[in-house]
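Structural overview
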Amino acid sequence: MYNILEGLNPSQKEAVEIINGPLLVLAGAGTGKTKVITHRIANLIKNWIAPDSILGLTFTNRAAREMKERIKLILGSDCASKLFLGTFHAFCMKILRAEVEKTPLHRNFTIADDQDQKGILKLAIAELKLKEDDTDINLFLSYIGKAKQELKFPEQCKANQGYMWAIASRIYEKYQEILIAQNMLDFDDILMYTVDLWQKNPEILSKYQEKYKYILIDEFQDTNYAQFKLIELLAEKYKNLCVVGDDDQSIYGWRGAVVENILKFPNRYQNCRVVKLEQNYRSTNNILEAANVFISGNKQRHSKKLWSENGVGAKIKTISLQTDKSEAFYIANQIRKVQYEYPEIRFRDIAILYRSNHQSRLFEEQFRMNKIPYRIVGSNSFYDRKEVRDAVAYLKLLSNPSDDQSLLRILGVPSRNLGLKFLESARTFDKNSALLKTFNNISFLDTLSPKQKTPLSAFTSSINKYTAFFAESGDLPGKTRAYFEEIGYLNCFQKIYKNIDEAEDRRENVIEFINAMGQFEENKVPEEATLTNFLESFSLSDDSDKVEGEEEKNSVTLLTVHSAKGLEFPCVFLVGMEQNLFPHSRALEERDTDEERRLFYVAITRAKKLLYMTNAGSRMKYGSQSYQMPSEFLAELPENVIEDLSANKAPVEESSINDAFKNFYKQFGINNK
DNA sequence: ACCGGATCCCTTTTT
DNA sequence: GGGATCCGGT
Ligand SMILES: Nc1ncnc2c1ncn2[C@@H]1O[C@H](COP(=O)(O)OP(=O)(O)OP(=O)(O)O)[C@@H](O)[C@H]1O
């Protein structure tokens, strides 16, 4: 049998061998915290603890997936599949589905995405006859989110002081009413409802306390109040709670994360064991020295010294490029060069890290042209496409007939001669009924002209037919394709988009989406291949069960710094190192770049051996050119660990030079045609 | 009611 | 660069 304790240092061993009681592992990047969690799980199982009584929670899907893979390596996939490993949200959804009678929702409830949220919030504002203009929508959503993260229901928010809360709590109340009427919940509800369920039903809580006797949580510095409370309740009885994290890597403050959760963990659990790890096994000392600059000044932290036996290593390379295009071009070239120089570095050992998702686009284009295989983590660009969102809405409606939001989305795609006036009449026909129910009401149909009655009947009969089909599990792609064809969606694109290529593109995206359902189904037992399950994993972006092919595995990874947390790559390109991008303009405006600095620390510490940082002098922003200054962080890098390659003329793509000149001329009003 | 065009937002970061 | 939204013509 695999020796679980082999290859661990004494502190790691200590943590792994503790079986019962609260345990905190507080340590810097790359010191093997995640390794402690995975090996500790293995050790629990070796000590005859049932795998299904172990709960491993992570923050991001990517981290859950990574952990699953590591555990598979130690325990084998049979054993690994028995324990629950996933995000807080995935775990809570499992509970809410199981205990649905005790929640405000009905079976097959669906998760509201951000567009649903906005739509419902608009409805709430309209129903209250408030005249808040659209720009306030995001503000109110953030109020509501904040309340939910603190586990406050609308009732409790009414007690909040201030003019804004007076309005916000009324909107919150209405918003919640509509969500529930549509049998939906938003992301924050997932946590709030679970805590509420447990608090109101001690017998249910007790059931789960008995089930999950051993709890392990990675990246604990990122938990918010609701998550802390959730775990506190679950662990109350046995207190076998192991949390692991690094206060210097706290980068989710904007989402309500409370660092004190980890810092004060020993105060909350009196007999808590604390283990610190100081040896970094990941990076070279050059990389660590650079990283340290950005956290040593942080207030409110446990100071941790990191050291590594990995030698000084290569210098960090910084390169300034002219444009965002030449940045992507340079990196595509550099990847080839790196592979030439270091044959052991495969595509999968390389990552492109950026501050925000939209930066991936140019790299995708460039990599496609250069035949560099890549995969993007966590970007919604595909799933955010209108045609894909519409496809999802078509399906959500089958799973949850009360989902008016989805109905509204797709009723006019393709156009069915059923517009605003028609909707108004359906709404007034029965204010308290879901739209789809009204559509099926014979006496409502009788109020319509034949020109509307015919398309509406065709629409509802397809919906009803496929609702019945999907009630059985299995063959999701086949049924979906037939559904989309019959209801006129799959072949409506030629009609909607004049440009034939665009129409074909969009149609193909829908086909690709249908294929993704096939992939979802592939590694599921037939009973689990239900539409509801698919939609749920889609909403949670939970692709942790997806099996990747070799080609896919051996790809360059494109991802944000946030989603790279917890991961490591031998070669990292940190791109877009420009003022207002990283650090982000919002942080600069608020004169609070602490979290950006920690984010930068996280970015640097992803690299094992090679680290490149690039910045561009100009970049397309909102469709127009913007001139960019190098990031203030670059100036802080210790000189002895960096090497500036900018002077060595990097190969610059022809068209980028032309672009740069054109913009130069444009700037001075010279017409260079 | 539909279509096309103009206009106006946006853009952190994730579940 | 792209989506949602509004407006005016058909
Ligand atoms: N005792 C050890 N001996 C050799 N390698 C180790 C040891 N402990 C950890 N490592 C390696 O160090 C690397 C970093 O480990 P791990 O990802 O667990 O760190 P971490 O503390 O979770 O990092 P982060 O804070 O960045 O998430 C991994 O490649 C791991 O295999």
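Description of the structure in this document. Remember, it's a predicted structure, so these values are computed and weren't measured experimentally.

Within the structure, the ligand sits among 20 residues, and Gln12, Lys33, Thr34, Glu568 and Arg606 are positioned closest to it. One of the backbone N or O atoms of glycine 7 is found 3.0 Å from a nitrogen atom in the ligand. Within the backbone of glycine 32, an N or O atom sits 3.1 Å from an oxygen atom of the ligand. When isolated, the ligand has an accessible area of 640 Å², and the protein chains bury 85% of it. Ranked by the residues each element gives to the shell around the ligand, the list is headed by helix 2 (residues 33–46), at three residues. Within the shell around the ligand, the residues separate by chemical class into three nonpolar, 10 polar and seven charged.

Turning next to the nonpolar core. If you look at the biggest cluster of nonpolar residues, it comprises 71 residues, and the most contacted ones within it are Phe91, Leu121, Trp198, Ile217, Leu241 and Phe265. Looking at which element gives the most residues to this core, the answer is helix 9 (residues 163–181), with eight residues. The residues that make up this core include at least three from each of domain 1 (10–96 + 192–279) and domain 2 (111–182). Those residues in contact with phenylalanine 91 that lie beyond four places of it in its chain are Leu55, Leu57, Phe84, Trp198, Tyr212 and Leu234. Counting 47 residues, the second largest nonpolar core, distinct from the first, contains Leu407, Leu436, Tyr466 and Phe520.

Near DNA strand B there are 27 residues, and of these Arg355, Asn357, Asn417, Gly419 and Tyr622 occur at the shortest range. Put simply, 55% of the atoms of DNA strand B that lie within 4 Å of the protein are in sugar or phosphate. When residues of the surface near DNA strand B are traced back to their parent elements, those giving at least two are helix 20 (420–429) and helix 29 (561–564).

Here the focus is the packing of aromatic side chains. Within the structure shown, the criterion is met by 37 aromatic pairs. With centroids separated by 6.0 Å and ring planes inclined at 85°, the aromatic side chains of tyrosine 394 and tyrosine 483 adopt a geometry described as edge-to-face. Residue tyrosine 394 is located in helix 18 (residues 386–399), and its partner tyrosine 483 is located in helix 24 (residues 476–486); the two are separated by 89 residues in the primary sequence. For the pair tyrosine 394 and tyrosine 483, a shared accessibility class is recorded, and that class is buried. Each residue in the set Tyr394, Tyr466, Phe469, Phe470, Tyr483, Phe484, Tyr489 and Phe493 is aromatic and connected to the rest through ring pairs, giving one cluster.

Taken together, Gln115, Lys122, Arg361, Lys386, Arg506, Tyr622 and Gly623 form the complete shell of residues around DNA strand C. For DNA strand C, the fraction of atoms within 4 Å of the protein that belong to sugar or phosphate moieties is 50%. A distance of 3.4 Å is found between a phosphate oxygen of DNA strand C and a side-chain nitrogen or oxygen belonging to lysine 122. A distance of 2.6 Å separates a base oxygen of DNA strand C from a polar backbone atom of tyrosine 622. When the residues that make up the surface near DNA strand C are grouped by side-chain class, the tally is one nonpolar, two polar and four charged.

Cut-offs used in this document
Residues numbered from 1 in each chain as written. Chains lettered and ligands numbered in written order. Predicted model: local features only at pLDDT ≥ 70, side-chain atom pairs only at ≥ 80, totals over all residues. Heavy atoms only, no water. Near = heavy atom within 4 Å. Polar contact = N/O pair within 3.5 Å; in protein donor to acceptor, adjacent residues only side chain to side chain. Areas by Shrake-Rupley, 256 points an atom, 1.4 Å probe, with all protein chains shown as cover. Helix = DSSP H or I, 4+ residues; strand = E, 2+ residues; numbered from the N terminus. Nonpolar A, V, L, I, M, F, W, Y, C, P; charged D, E, K, R; others polar. Core = buried A, V, L, I, M, F, W, Y, C linked by side-chain atoms within 4.5 Å. Buried < 20%, exposed > 50% of the residue type's maximum accessible area, 1.4 Å probe, protein only. Domains from an automatic or database assignment. Contact = heavy atoms within 4.5 Å. Phe/Tyr/Trp six-rings, centres within 6.5 Å; stacked < 30°, edge-to-face > 60°.

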